Amino acid sequence: MSNMETQVLPVAKAGPRDLGPPIVEVRNVEKRFGKVTVLKDVSLTVRTGEVVVIAGRSGSGKSTLLRCIDHLETIEGGSIIACGENMGYRQDNSGKRVQLGDRKVAKQRRQMGMVFQSFNLFPHLNVLRNITLAPVRIMGEDPKEAEAHAHALLTRVGLPDRADAYPSQLSGGQQQRVAIARALAMRPQVMLFDEPTSALDPEMISEVLDVMIDLSRQGMTMIVVTHEMGFARAAADRVLMMADGMIVEEAPPEEFFTNPQNEHSKLFLSKIL
Amino acid sequence: MSWSWDHFMQFLFSPYMLNGVWTTIWLSIVAMVIGCSLGVMLAFMKMSKTWALRQIANTYIWVWRGTPLLVQMVIIYTVLPKVGIKLGVVESAIIALSLHEAAYFAEIVRSGITSVNKGQEDASLALGMTWPQRMRYVIIPQATRVIIPPLGNQFNLMIKTTSLASVISMEELFRRTQQLAQLEFKVLEAYMCAACWYLLMTTVWGLIQQRLEAHYDRPFGPVADTDPKKKPDPVLTGQAAQV
């Protein structure tokens, strides 16, 4: 682990960067699965160009928070503003929260890209079609342009010659890089990563993290749920610690690693580093 | 009772019998097509978020799977006219067979769709697809692989089940066999003929089904086919769809 960090993630970020206006605002969000409350009054503001890493033990609510931001989960209270949209809901005349229809939410989601732990590439389509499906069929992009864009993205994630391969012919690391390219093809304003390296063999983790670090350096706004503290060190502007459905600590990576305040953070770091 | 090859061969290729065979074939196909279409509709109703739609589908499936086709057929043919809905033999047979099939096919479609990995739904949602887009581009192409084998079995059953339409005097293979048997009291010969024809039909379908299943059973993508000189399939690479 430490060996890999020195290899692939040598450069720590040089001080705080210039960040743009808020692009994702999570306000007092409550989320319950049945009787279990998984998010308790969670608030979080992410600014344009910022890279936020969310850490925490499994069951702490970090993946749920990410899924709520893309409205893959409903929320019971609070609101999430992303890219200027109130995700999944609107206020009716009396100020009550009303769930938006399928088409409205679909439109909202197109501004954000999401990468999953289990890649979720479409197994019946080759790599090129995986990437161009949404731009062509949903955004109505010109197929030729979409393909050119897809080839450019494949080059960017280091897979310029796998356009014709099917997901089943790729390794996990390659599949995840295609999944990143697929999300980028929609030209998202924000990228959400849900434990993108947790399902990978150790030797493939770095190839995915490299792509993500590269993305962060190009100014992409990213919210990353991960256990890879090497990535946090190399690319994050902020690290959040979640426990029991709450954000218990929030700090720049250097501070978080050298001087964690919260008990959960200390325990987490002692186990992971 | 002695076996007569003469009668057997005479029955086997008599135009009267062949006509019945043909009726059985088209009746099976028509009932299957209508039944499957209704079945797909029922499956989506059953998976709907709307309570009423779900209940309608559930009740339909409950009733049609819980009663014998024979009873359904007789009710449609003899009872409905008493409430003013008069249907001919052919219409009654088609309606009974396809409504019955729909109840079974609905379950097949539903299990096919639910068999698609939940992550596929997540990925297509995250890409901003609406429900019809998710179904069309992601879910149904994958569900088809699961649906094809039981669909084949249903058609095999359908070919044989059409014989029940004889009770409402539909002139298909079984009824014609009955009549031939009574004509010259060559019962065994006549029914052996019918058995042969049914067996031939289900066997031919079995061969078609095998090919279909082989096609849908192979993994996605050209696994064995790695010849780089071969032109990629335009359908698979999506170039065909864009022309």
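Just so you know, these numbers come straight off a predicted model, no measurement behind them.

Visitor: I'd like a description of a positive patch on the surface, backed by residues and values.
Guide: Together, A:R90, A:R103, A:K104 and A:K107 give the surface a local cluster of positive charge. When residues of the positive patch are assigned to their parent elements, the largest contribution, three residues, is made by helix 3 (residues 102-109) of chain A.

Visitor: Which residues make up the interface of chain B and chain A, and what values go with them?
Guide: Bring the parts together and some accessible area is lost; that lost area is often taken as the interface size. Each side of the interface is counted separately: chain B has 28 residues, and chain A has 29 residues. Taken together, the two surfaces of chain B and chain A that pack against each other cover about 2,700 Å², and 58% of this comes from carbon and sulfur. The tally of links between chain B and chain A comes to two salt bridges. Two residues, A:D102 and B:R134, come together in a salt bridge whose shortest N-O distance is 3.2 Å. Summed over the shared surface of chain B and chain A, the result is seven residue pairs in polar contact (both at pLDDT 80 or more). For the side of chain B that touches chain A, the secondary structure elements donating two or more residues are helix 6 (118-126), helix 7 (131-161), helix 10 (234-237) and helix 11 (239-242) of chain B.

Visitor: I'd like to hear about the pattern of salt bridges, residue by residue, with values.
Guide: This structure, assessed with the given rule, holds 17 salt bridges over all chains. Between A:R177 and A:E207 there is a salt bridge whose closest N-O contact spans 3.0 Å. In this pair, A:R177 is assigned in helix 6 (residues 172-184) and A:E207 in helix 7 (residues 202-217), connecting sequence segments 30 residues apart. Exposure remark for A:E207: the relative accessible area of 23% places this residue in the partly exposed category. The partner of B:R176 in a salt bridge is B:E171, with the nearest N and O atoms 3.0 Å apart.

Visitor: Lay out empty space enclosed by the protein in plain terms, naming residues and giving numbers.
Guide: Evaluation of the coordinates by the stated rule reveals three cavities of 30 Å³ or more. If you add up the space inside the largest cavity, you get close to 60 Å³. Lining the largest cavity are A:M114, A:V115, A:F116, A:F119, A:A179, A:R182, A:A183, B:A123, B:A126 and B:L127. Breaking the lining of the largest cavity down by element, the ones donating at least two residues are strand 8 (112-115) and helix 6 of chain A together with helix 6 of chain B. Tallying contributions element by element places helix 6 of chain A first for the lining of the largest cavity, with three residues.

Visitor: Pulling in residues and values, what's your account of the sheet that holds strand 11 (residues 238-243) of chain A?
Guide: The pairing of strands in a sheet happens through backbone hydrogen bonds and is either parallel or antiparallel. All names here are of chain A. One open sheet accounts for six strands, arranged 8-9-10-3-11-12; its pairing is mixed. Of all the strands in the sheet, just strand 8 and strand 12 (246-251) have a single pairing partner and so form its edges. Across the sheet, the mean angle separating the axes of adjacent strands is 20° when strand polarity is ignored. With five bridges joining them, strand 9 (residues 190-194) and strand 10 (residues 221-225) adopt parallel strand pairing. Of the residues in strand 10, the one forming a bridge with V190 is T221.

Visitor: Pulling in residues and values, what's your account of a nonpolar patch on the surface?
Guide: All names here are of chain B. A contiguous nonpolar patch, built from W3, W5, M9, F13, L18, L188 and M192 and spanning about 690 Å² of accessible area, is present on the exposed surface. Only helix 1 (5-12) and helix 9 (187-217) provide two or more residues apiece to the nonpolar patch. Residue position: W3 is located in the segment before helix 1. Residue classification places W3 among the partly exposed residues on the basis of a relative accessible area of 32%.

Visitor: I'd like a description of the layout of surface pockets, backed by residues and values.
Guide: All names here are of chain B. Of the pockets and cavities examined, the largest pocket occupies roughly 910 Å³. K49, E121, L125, W131 and R134 are the residues nearest the centre of the largest pocket, which is lined by 28 residues in total. When grouped by side-chain class, the residues that make up the lining of the largest pocket number 11 nonpolar, seven polar and 10 charged.

Visitor: Which residues make up the sheet that holds strand 5 (residues 85-86) of chain A, and what values do they have?
Guide: Residue and element names in this part refer to chain A. Read from one edge of the open sheet, four strands run 2-1-4-5, paired in antiparallel fashion. Looking at strand neighbours, the two that pair on one side only are strand 2 (36-47) and strand 5, the edges of this open sheet. Two strands pair when backbone bridges link them, and strand 1 (residues 22-33) and strand 4 (residues 77-82) are joined in this way by five bridges, in the antiparallel orientation. Counterpart to E30 in the pairing with strand 4 is G77.

Reading guide: rules and limits
- Residues numbered from 1 in each chain as written.
- Chains lettered and ligands numbered in written order.
- Predicted model: local features only at pLDDT ≥ 70, side-chain atom pairs only at ≥ 80, totals over all residues.
- Heavy atoms only, no water.
- Patch = residues over 30% accessible without salt bridge, like charges linked within 9 Å, V, L, I, M, F, W, Y side chains within 5 Å.
- Areas by Shrake-Rupley, 256 points an atom, 1.4 Å probe, with all protein chains shown as cover.
- Salt bridge = Lys/Arg side-chain N within 4 Å of Asp/Glu carboxyl O.
- Lys, Arg positive; Asp, Glu negative; His and termini not counted.
- Charge placed at Lys NZ, Arg CZ, Asp CG, Glu CD.
- Helix = DSSP H or I, 4+ residues; strand = E, 2+ residues; numbered from the N terminus.
- Contact = heavy atoms within 4.5 Å.
- Buried area = accessible area lost by both parts, 1.4 Å probe.
- Polar contact = N/O pair within 3.5 Å; in protein donor to acceptor, adjacent residues only side chain to side chain.
- Buried < 20%, exposed > 50% of the residue type's maximum accessible area, 1.4 Å probe, protein only.
- 1 Å grid on protein atoms, 1.4 Å probe; cavity = no way out; pocket = protein on both sides within 12 Å on 5 of 7 lines; lining within 4 Å.
- Points joined across faces, edges and corners; volume = space filled by probe spheres on them.
- Pairing = 2+ DSSP bridges.
- Axes fitted to C-alpha atoms, helices over the stretch in contact; angles between N-to-C directions.
- Nonpolar A, V, L, I, M, F, W, Y, C, P; charged D, E, K, R; others polar.

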